Amino acid sequence: MYLEKIREERPLIHHITNYVVANETANLTLAFGALPVMSHSIDEVGEMVSHARALLLNIGTLDKLQVESMIVAGKEANNLDIPVILDPVGAGATFLRTDSARKIMKEVKIAAIRGNIAEVSILAGYQAAIAGVEALGGEEIIETSVKELAHKWDCLVCATGVTDYVSDGRRLALIKNGHPMLSTVTGTGCMATTTLAIFLSIGEDRFESAVEGLAAFGIIGELAAKKADKQPGSFHQEIYNVTYNLTDETISRMKKVEIV
Amino acid sequence: MYLEKIREERPLIHHITNYVVANETANLTLAFGALPVMSHSIDEVGEMVSHARALLLNIGTLDKLQVESMIVAGKEANNLDIPVILDPVGAGATFLRTDSARKIMKEVKIAAIRGNIAEVSILAGYQAAIAGVEALGGEEIIETSVKELAHKWDCLVCATGVTDYVSDGRRLALIKNGHPMLSTVTGTGCMATTTLAIFLSIGEDRFESAVEGLAAFGIIGELAAKKADKQPGSFHQEIYNVTYNLTDETISRMKKVEIV
Amino acid sequence: MYLEKIREERPLIHHITNYVVANETANLTLAFGALPVMSHSIDEVGEMVSHARALLLNIGTLDKLQVESMIVAGKEANNLDIPVILDPVGAGATFLRTDSARKIMKEVKIAAIRGNIAEVSILAGYQAAIAGVEALGGEEIIETSVKELAHKWDCLVCATGVTDYVSDGRRLALIKNGHPMLSTVTGTGCMATTTLAIFLSIGEDRFESAVEGLAAFGIIGELAAKKADKQPGSFHQEIYNVTYNLTDETISRMKKVEIV
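Residues numbered from 1 in each chain as written. Chains lettered and ligands numbered in written order. Predicted model: local features only at pLDDT ≥ 70, side-chain atom pairs only at ≥ 80, totals over all residues.

**Focus: the interface of chain A and chain C**
For the record, the criterion: Residue pairs qualify as contacts under a 7 Å threshold applied to their C-beta atoms, which are placed from the backbone. Secondary structure elements are defined from DSSP: runs of H or I of at least 4 residues count as helices, runs of E of at least 2 residues count as strands, and each element is numbered from the N terminus. Note on residue categories: nonpolar means Ala, Val, Leu, Ile, Met, Phe, Trp, Tyr, Cys or Pro, charged means Asp, Glu, Lys or Arg, and polar means any other residue, Gly included.
With 27 residues of chain A in contact, the opposing surface of chain C contributes 27 residues. Ranked by residues supplied to the side of chain A that touches chain C, first place goes to helix 10 (residues 232-245) of chain A with 4 residues. Across the side of chain A that touches chain C, the residue classes break down as 11 nonpolar, 10 polar and 6 charged.

Written out as C-alpha cells, the structure is:
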C-alpha cells in the first residue's frame, strides 16, 4: 500500500544533500512517484521545508555553511512536525563530519538516521573501520550499537550493509534484501536514505515504514541486477526503471525481513 | 536549418545553473553539437560570458552569492549583446526565489524566460499552485499571463507544460509537442531552457528560434519515449541519443505549432 | 597488473572537483575498483586527504574558496607524500582559471597535470585557441610545450587529445588510443584525470603508470564506442560497463603507445 499511497499523494521531499548525488536522488524520488526539491540556502530552507512532507539531511559534501542551513531547516521541520532523516555520510572519516552529525542530532529532533555500520557505530561512540565515505566493513554485526543508538537518541536507526538493521530502540528488524552491484554505483546509500524519507513521509508507523522502504530499495537492487549484472552503468539506469515499475505486491512477495 | 547551423558554428553556452542538472544540461548541449561551460564564480563570470553566444541563468539551487554572480554576468552579457535566458526554477515556492527572479529581471535585460506556468504566473503577479519546484498545474491555460509578461518585460516568455506557450508580447505560439515521460526525469525543464538558449544563440528572429527550439525539445521527448516508454532511466539516456541524431527535417515533419 | 592491483588494494582517491562531473568521476572510480571521496571544505580536506592514496584537484567550477581548500589539501598531501594530480580545466579561458592553476602549481608540489593541449600550452606560456573549457584545437602537436612544462615544473605533464602526450621532462610517450565519441559526453577529460590519479596511486614508476592509465582510458572509449557508436547517452553508460570489465590483458593487447 506504500507505493500506491506515494503515487497518489506525491509527497514533496526536501533534500539538503551533496552535489555528487543530487541528480540521482532527485530522479529516484520521481521514479517512486514522489516530488523532490533540492535547496540549501539558509535564506530559503526554513520556508521551503514548510511545503515538504519530509526533510532529508545528507552531509556527503558538507561545509560549515551547509550545516547551519541544515539546522535551520531541521528546527523548522520540528516545529511543523515534519520528519527529519539524517544521512551522516563519512562520519568518522573527519572531525568535521563526526562533529557535524552530532551537532545536527543535538539541535534537531531526528526521526531516522541511515548510514553504514561504520558511520552508525562511530556516532554511537564505537570504533569502526572506515575509509573515506565507503565502509569497508565486513559481516560483523553491531546489533547492539543500532539498538543502543536508537534508544539513546530516541529515533529510528538504520544501519545498512549486506544485512540492513532497523531499530526504534525497542524493536529490531533484519532485512536481507539487496545485491552486491549496489556497491558499484556511487550514491546508492544516499538513495536508500531518500527511499526511507519517502516511506516515512507517507507511513503511519515509522518503524514499519522504514523497514518497508529499505526492503523496497534492496529489492530494487535485486531486480536491477537481474537485468544488468556486472554492468554498473546499465545497472544504474535500471534502478530508475525498476523503481518506476515496482508494485506493493512485488515488495510483499520478495521482502526478506526478520523482526527480532 | 537550426541544427545544421548549431553543429557548424558550435556556439558556447555559458550556464550559471543548479548542481542538480549541471551534468545533464552540459551533456544535452554537447548532444546538440554546441559547447557548454558551467561557471559561477563572481571572479570570472564577466570574463567567461565574453566567450559565449548565450548566457543561461537558472536559479534551481540558488543562494545570494550565486544571484550576485548572475547579475554581474548578465550585465556584461547585455553590454556585449549576448542573449540572456532566465529559468526561474521554483519562483513562488520561496521569497528568495521569487525575489531573486524579479531582481535579476530588473537589473539585467532578459531575452527570454522559460518556466512552467506556475512560475511564469507568479512572476506576472498571478497566484498559482506550486509545490516545491515541480508545478502541479493542470491544463488551465494562462495565455494572458504569458503575453502580458512578455509585453511588460519586453522579452520572450515561454511557459512550458502539456502545451508550451511562447510570446514576444505580440505574437503567441502554442506548441503541442512533448511526452508525459519528460516529467519522470529531473531537469527536463532545465534542459528545455538549455535548448532555448542554444537556438537563440544562433537564430535571427528570437520568437521563431524559441518556438523551433521548444518544439525540438518536445520532439526529443516523443522520440525518446518511443524507445523507452515507462522506463525513466532508459528514457533519460535516450534523450541524448535522440538529440545527437535529430535532424532539421525531423523537426519540420513532427512539429505541432500553432501561431495565434 | 595495474587493474589487478587496483581491485585488490582499492585505493581511496580524494577529489576536490567540479559539480558537473562529481558523480561521473566517482562512478568511474568505483568501476575501476578504487574508492572515491569528494570533499571540498577547508575544514576537513587536510584530514580527509590523509586517508587517501591520491589527491585530484580539478578547477572545472572553481571559486576562490575552493582554490584555498585545494592548496591546504595539496600541502598536506605533499607532507604525507601522496601524489597530487591537477586538472586545470579551462586554463586560458579566464584569468581566474589561469592564475589559480599557476598558484596551485606554485604552492603545491604537483605529481601530474592532465589537460587538453590548449590548457597545457597556456600554462607553459604559449598561446592557444580555447573556447570555454572545450579545446577546439586540431592536430598540431605541441610536444615541445609538454616536455618543457614537465621539465620546468618537475612533474608529469599529460596533454590529451586525438593523440595523448605524456612527459616527465625526459621521456615522452605518444598514446594513440581513444575515440571521437569521447568528445560527445561532458567530463571525459575529467575522467581521464581520475584514471590517471588511480593509476598513479598504485603504480611505482609514475611515467609508466600515467601512460598505462591514459592508454586504458582511451581503450575504454574505443570499447564503449563499439557498443554504442553515435549514441552519446548509451556510450556514456557503456564507459562504466567497460571499465568494470576491463582486464590488464585487454590493455596490453590494445594499447598503442610510442615512447619517443
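**A look at the packing of helix 4 (residues 64-80) of chain A against helix 5 (residues 95-107) of chain A**
Think of two packed helices as two axes; the pair is described by the angle between the axes and how far apart they sit. All names here are of chain A. Applied cut-off: To obtain each axis, a line is fitted to C-alpha atoms, and for helices this fit is confined to the stretch in contact; angles are then taken between N-to-C directions over 0 to 180 degrees. Each angle receives one of four descriptions, namely roughly parallel if under 35 degrees, roughly antiparallel if over 145, roughly perpendicular if within 65 to 115, and oblique otherwise. In a left-handed crossing the near helix is turned counterclockwise from the far helix by less than a right angle, and in a right-handed crossing that turn is clockwise.
One way to put it is that helix 4 packs onto helix 5 with a least axis distance of 10 Å and a crossing angle of 20°. When the interaxial angle is binned, helix 4 and helix 5 end up roughly parallel. Where helix 4 crosses over helix 5, the two elements pack in a sense that is right-handed. Along the contact surface, helix 4 presents V67, M70, I71, G74 and K75, while helix 5 presents S100, K103, I104 and E107.

**Examining the relation of the copies chain A and chain C**
Rule in force here: Superposing copies: least-squares fit, C-alpha atoms only, residues required to have pLDDT of at least 70 in both.
Mapping chain A onto chain C calls for a screw motion: a turn of 120° about the axis and a shift of 0.0 Å along it, with 0.0 Å RMSD after fitting. Classification of the inter-copy transformation places it as that of a three-fold axis. Ranked by how close their C-alpha atoms come to the rotation axis, the residues of chain A are headed by Y19(A), at 3.5 Å. When you check the interface residues of chain A against chain C, a mere 11% turn up at the interface there too, and the two sides of the contact use different surfaces.

**Examining the interface of chain B and chain C**
Between chain B and chain C, the residue contacts involve 27 residues of the former and 27 residues of the latter. The element contributing the most residues to the side of chain B that touches chain C is helix 10 (residues 232-245) of chain B, with 7 residues. Split into classes, the residues belonging to the side of chain B that touches chain C amount to 14 nonpolar, 9 polar and 4 charged.

**Details of the pairing of strand 8 (residues 172-175) of chain B**
All names here are of chain B. Just so we agree on the cut-off: Put simply, a residue is buried when 20 or more other C-beta atoms lie within 10 Å of its own C-beta and exposed when 12 or fewer do; between those, it is partly exposed, and each C-beta is set from the backbone. By the convention used here, strands pair only if DSSP detects at least 2 bridges between them.
Only one face of strand 8 is covered, namely the face carrying A173 and I175; the face carrying L172 and L174 is uncovered. Where strand 7 (residues 164-167) meets strand 8, 4 bridges bridge the pair, whose relative direction is antiparallel. Note on strand 8: the bridge partner recorded for V166 is A173. Looking at chain direction, strand 8 and strand 9 (residues 257-259) are connected through 3 bridges and run antiparallel. When the sheet's bridge partners are listed, A173 is paired in strand 9 with I259.

**Considering the relation of the copies chain B and chain C**
Structural alignment of chain B on chain C gives an RMSD of 0.0 Å, achieved by rotating through 120° and translating 0.0 Å along the axis. Take the interface residues of chain B: only 11% of them recur as interface residues in chain C, which is what a contact between different surfaces looks like.

**With respect to the sheet that holds strand 4 (residues 84-87) of chain C**
All names here are of chain C. Strand order across the open sheet formed by 9 strands is 2-1-3-4-5-6-7-8-9, with mixed pairing between neighbours. At either margin of the open sheet sits one strand with a lone partner, and together these are strand 2 (35-38) and strand 9 (257-259). Mean inter-strand twist for the sheet, computed between neighbouring axes without regard to direction, equals 20°. Bridge analysis of strand 1 (residues 12-16) against strand 3 (residues 54-58) gives 4 bridges, and the strand direction is parallel. Looking across to strand 3, one finds that H15 is bridged to L56. Strand contacts of helix 2 (residues 22-32): strand 1 and strand 2, with the helix running at about 155° to strand 2, the strand carrying the most contacts. Packed onto the sheet, helix 8 (residues 188-202) meets strand 1, strand 3, strand 4, strand 5 (112-116) and strand 6 (156-160) and runs at close to 160° relative to strand 3.

**Quick look at the environment of N177(A)**
Residues and elements named next belong to chain A. Topologically, N177 is positioned in the loop between strand 8 (172-175) and helix 8 (188-202). Classification of N177 by C-beta neighbours within 10 Å gives buried; the count is 20. Once residues within four sequence positions are removed from consideration, N177 is found in contact with A215, G218, I219, E222, M254, K255 and K256.

**Describing the nonpolar core**
To keep things clear, this is the line we draw: Think of a nonpolar core as buried Ala, Val, Leu, Ile, Met, Phe, Trp, Tyr and Cys residues, each tied to the set through C-beta atoms within 7 Å.
Counting residues in each nonpolar core, the largest one holds 294 residues, and the members touching the most others are A112(A), A210(A), A112(B), A210(B), A112(C) and A210(C). Once residues lying within four places of it in the same chain are set aside, the contact partners of A112(C) are I85(C), C155(C), L156(C), C158(C), L196(C), L200(C), R206(C) and A210(C).

**What about the pairing of strand 4 (residues 84-87) of chain B?**
Looking along a regular strand, one sees the side chains alternate between the two faces of the sheet. Residue and element names in this part refer to chain B. Going by this rule: If the strands point away from the viewer and the path from the first strand over the helix to the second runs clockwise, then the crossover is right-handed.
Residues V84 and L86 line one face of strand 4 and the alternating positions I85 and D87 line the opposite face, and both faces are buried. One crossover worth recording links strand 3 (residues 54-58) to the parallel strand 4 by way of helix 4 (residues 64-80), and it is right-handed. Pairing of strand 4 with strand 5 (residues 112-116), which is carried by 2 bridges, proceeds in the parallel orientation. Across the sheet, residue L86 finds its bridge partner in strand 5, namely I113. Each parallel crossover has a hand, and the one from strand 4 via helix 5 (residues 95-107) to strand 5 is right-handed.

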